[in-house]
Structures are given as structure tokens and as C-alpha cells.
Amino acid sequence: MHEPTPSNNLSPQDAVALLAERVAPVEPQTLRLTATSDAAGRVLATPVTLDRASPACDVSAMDGFAVRMAELAAGPMPIAGECRIGEAPPELSPGVALRIYTGSPVPLGADAVVPLEQVDERDDSIRLNATAKPHPGGNIRRRGENAKAGDVVLNAGRVLTPAAMTALAAIGPAEITTHRPLRVAIITTGDELETAWGAESPTEPHTEPHTEPGAAGLAPWRLRDSNGPTLQALLGAPPWIDRVDRTHSADDLDGLTRVIADRLATADAVVLTGGVSKGAYDFVPEAVARVGGERLFHRINARPGRPTFAAVVGGRPILGLPGNPVAVLTAGVRLLGAALRRRAGLAAFEAPAVRVARNAWRGKTVALTWWRPATLDDGGRATLVDLRGSGDTCSAAMSDGFVECPPGSDAGGVYPFYPWAI
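Note that the structure is a prediction, hence the values are computed from the model and not measured. (Residues numbered from 1 in each chain as written. Predicted model: local features only at pLDDT ≥ 70, side-chain atom pairs only at ≥ 80, totals over all residues. Heavy atoms only, no water.)

Caption draft 1: Local environment of the overall build of the protein. Helices and strands together make up the secondary structure of the protein, namely 8 helices and 27 strands. Since a compact globule built from 422 residues should have a radius of gyration of about 22 Å, the 30 Å found for the protein marks it as more spread out than a globular shape. Along the first, second and third principal axes, the C-alpha atoms of the protein reach 95 × 50 × 45 Å. The buried share of the protein, reckoned over its 422 residues, is 47%. (Helix = DSSP H or I, 4+ residues; strand = E, 2+ residues; numbered from the N terminus. Rg over C-alpha atoms; globule rule 2.2 N^0.38 Å. Buried < 20%, exposed > 50% of the residue type's maximum accessible area, 1.4 Å probe, protein only.)

If you want it as C-alpha cells, here you go:
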């Protein structure tokens, strides 16, 4: 095991940069494109280039008539035929016009397309009307004006969104190279938790039975697990994550070590909740060290989530998030999201953020970056929710995301806002 001195008390920006530097993307794979290919949502590992110019020939930008402009300006002109989209165009003979449609190839000899609205059509002939302002070259989209053959259209690290799929389908490659979708393992810890909603059984039995959320008879000193479902919801949305497994470990060093080692055998990334602070039963850092983890940092200058822990094993990230639910949400978006985006091969590894206006507030400030849950109105203004601490799931449920407030800030202004998404 290689265990250098970790970086501690990093700013969120420095923590994200360190994760991006040390986490390795999963391996690329060739994907043949067929009618049943599952390409949408994949992350490109190599660029996609044009096989031909776009458009591949001069095409009409309007429904109208292909003409020689000087001839039409001289007087009425007979309509001699049409140019059909998807077919080779006829040659434009002198002194005549050809009907043409949007996207149809422009015939050889034409120097303009005159829209339908700018001509009067009668007895199979046309003449310019009073609204016409034609000019040579008008309404013709020239060959290669979008891009030329060989130009890169989709860069490596780009997610194949619906817009990207439009370009990919137009280019029509037989195969592409993408990173495979991720497999992520969630491990919740804590003897106090009642696990539910699909989590595997804990490694060590508790003295009290596990119950489903809402079950009667739950002792008031026990807690229902919210962190596992939270992370499962957060990680279930991106199309570049294929599988999310969730399990629970009791507060036992040997048992936790076995669970982490087992998950690392198949997962591309592991995220744990709880067990990362300085308590007697906080075993995550030691358990990760036992499985060969190289610690990157332990503690960040942010609230909530200050005890966040990060390590890598063979380029795979292991993130240990504090057990408080709001810390799991905020550090999950800001740090875990960055690690997973990097692991998936995305070029943009930062979690998506927007800039929003936030009013000044009266109250205490902290000398840390403060991740503050907020609602966002239609005008792009954020209002902080009345959060009663990082365990307040009820107030957090009313928020749309969180504002990243700089250390010591209580002033209004424009700040980054992160929605609950990675």
C-alpha cells in the first residue's frame, strides 16, 4: 500500500481538481451502431469526424424557385420543372425557373432561390412581386458551410445527448469508441441505522431487528437510513451510470474492510456514508487503507461535509461522505459527482452549476465555503431555506439545490447554484 501524506483542509475547488487529477477514466470499448445499439447517454472516448461536407451539396434554405437572378429581374419566367429533395437536381436551362423545396439540392446554373412569398405565380410562370428583395446567392446553403469533411463534430469526453445523437446519425459511422457506463457501489455505515429499500443485509447483525420505513415500533434512538436512497436517486439519473448497488456495513473494522474489498472487485467507484470523522467507531479511513487505498484528502474547508474523505485504488475513486443527510447531498453533488464524471470519461468533470442572484441575509457567517440549500424562482433568484442543521431532511426536501457561498460571506450577489444532480 502506498500511503503518502494526504492533503487536508482543501477548498472544494482544490478537492475537485485533485480528484480529477488522480481518478482514471474507465477503459474505452468499441460500440457498433445498429438499430438496437444503446449509444445514447454514452461518453465518447474518441472524437467523431465528418465523412463528408455538411451540407454535402448546395441546398435550398426555402421553398421557392431556383433561378438566375438577372433573368428573373428582367421579367416573367416559365416554370420548367422541379428539384426534389433526395434526388439529383436537373440542370437549370437558360431563361426558366425550377420549383425547389427546403433541403433540395440547388441545380447547376442557379445563383439564387427566390421564396414563394416574393413571386406571383400564374399560368406556370413566375414574376417578382412588390415585396421581393432578391439578390444573387440568396437562400442557398452552400456545400460545407456547416462543417467540412474531416472536421471534428463531437469531441472525446462528450455525452451522447439527443442533440449529439442527431449529429451522429447524420454522419452515420458504423461504430464509435465510448467509455462503458459505470458500476457504482454505495456502502452505508452505522449501527444506529435501519436499512431498507433494497439495501443488502448488514455484515454484522444488530441487537434490534431491521425494519422498513414507516414500520411501527421503531425505537426513538434508532434512525432510518436516508443516505442510501439519497445516493441511489442521485446516481440513478445519469445515463453514463449503468448500475448502482447498495449495501450496509455495521461499525466493525474487519467487516467494513471485507465489504469494501468485495465491492472493489466489481465496482468502478465506491462511496460510503458515515464513519469518516474522529469517533471511536469511525473506521472508513483505516478500512480503505487496508484494501490498498491511497488517501487523497481527509477534511475539506466546506460546510456541511467537512470530514469528507477521498482515496483512489488503481484509478478508482473511494469517497467517504459524512453521515449527515445534507452533507451527503451537498458533498455528493460537488465532490462525488466530479469523481464519477471523471471516472466516466467526461471532459467536463465539474458538477453542472448555474449563476444565481442571492439576497444578503442576517445571521452568522463561517470561515468556510458554505453549501446552503435554497429554492430557485423563475427569475433565477435563490432563497435560502430555513435549515436547522445538516440532519434536517425536512427543510432540505423543500430545496432545489444549494448555493456555494464563499468563506465569511453574508452579502448579496451572484453565486454558483448546484441543483440536486450530477
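Caption draft 2: Broad picture of the sheet that holds strand 6 (residues 77-83). Strand order in the open sheet made by the 6 strands is 8-5-7-6-10-9, with mixed pairing throughout. What marks the edges here is a single partner per strand, and that holds for strand 8 (112-115) and strand 9 (119-122). Across the sheet, the mean angle from the axis of one strand to that of its neighbour is 40°, orientation sign disregarded. (Pairing = 2+ DSSP bridges. Axes fitted to C-alpha atoms, helices over the stretch in contact; angles between N-to-C directions.)

Caption draft 3: Region of interest: the pairing of strand 14 (residues 182-189). A large share of strand 14 lies buried, amounting to 7 of its 8 residues. Pairing analysis gives 8 bridges linking strand 14 to strand 17 (residues 241-249), with the strands arranged parallel. Its bridge partner lying in strand 17, Thr-189 is registered against Ser-249. Note: strand 14 against strand 18 (residues 269-273), 5 bridges, orientation parallel. Bridged to Ile-186 within strand 18 is Val-271.

Caption draft 4: How the structure looks around the packing of helix 4 (residues 227-236) against helix 7 (residues 325-344). Running from amino to carboxyl end, helix 4 crosses helix 7 at an angle of 35°, the nearest separation of the two axes being 11 Å. Handedness of the crossing formed by helix 4 with helix 7: right-handed. For the pair formed by helix 4 and helix 7, the contact residues are Asn-227, Thr-230, Leu-231, Leu-234 and Leu-235 on the first element and Pro-325, Val-328, Leu-329, Gly-332, Val-333, Leu-336 and Leu-340 on the second. (Left-handed = near helix turned anticlockwise from the far one by under 90°. Contact = heavy atoms within 4.5 Å.)

Caption draft 5: Representation of the packing of helix 1 (residues 12-22) against helix 7 within the structure. Where helix 1 meets helix 7, the closest approach of the two axes is 9 Å, and the angle between their N-to-C directions is 20°. If you check the angle between helix 1 and helix 7, you find them roughly parallel. The element helix 1 and its partner helix 7 pack so that their crossing is right-handed. Residue-level contacts link Pro-12, Gln-13, Ala-15, Val-16, Leu-19 and Ala-20 of helix 1 to Arg-334, Leu-335, Ala-338, Ala-339 and Arg-342 of helix 7. Along the lines of polarity and charge, the residues of the contact of helix 1 with helix 7 split into 8 nonpolar, 1 polar and 2 charged. (Parallel < 35°, antiparallel > 145°, perpendicular 65-115°, else oblique. Nonpolar A, V, L, I, M, F, W, Y, C, P; charged D, E, K, R; others polar.)

Caption draft 6: Up close: the sheet that holds strand 14. Taken in spatial order, the 6 strands line up as 17-14-18-22-21-19 in an open sheet, and their pairing is mixed. Here the strands that pair on one side only, and so sit at the sheet edges, are strand 17 and strand 19 (294-298). The average angle at which neighbouring strand axes cross in this sheet is 15°, direction not considered. The strands that helix 1 touches are strand 19, strand 21 (309-313) and strand 22 (316-321); relative to strand 19, the one it contacts most, it runs at about 170°.

Caption draft 7: Main features of the nonpolar core. Counting residues in each nonpolar core, the largest one holds 43 residues, and the members touching the most others are Leu-19, Leu-235, Trp-240, Ile-241, Phe-297 and Leu-340. The greatest single-element share of this core, amounting to 9 residues, is contributed by helix 7. (Core = buried A, V, L, I, M, F, W, Y, C linked by side-chain atoms within 4.5 Å.)

Caption draft 8: Representation of the environment of Thr-131 in the model. Within the secondary structure, Thr-131 is located in the loop between strand 10 (125-128) and strand 11 (140-141). Residue class for Thr-131 comes out exposed when judged on its relative accessible area of 53%. Spatially, the C-alpha atoms of Thr-131 and Val-414 are 48 Å apart, while their sequence positions differ by 283 residues. Apart from residues lying up to four places away in sequence, Thr-131 is in contact with Glu-117 and Gln-118. Side-chain polar atoms of Thr-131 contact the side chain of Asn-129, separated by 2.7 Å. (Polar contact = N/O pair within 3.5 Å; in protein donor to acceptor, adjacent residues only side chain to side chain.)

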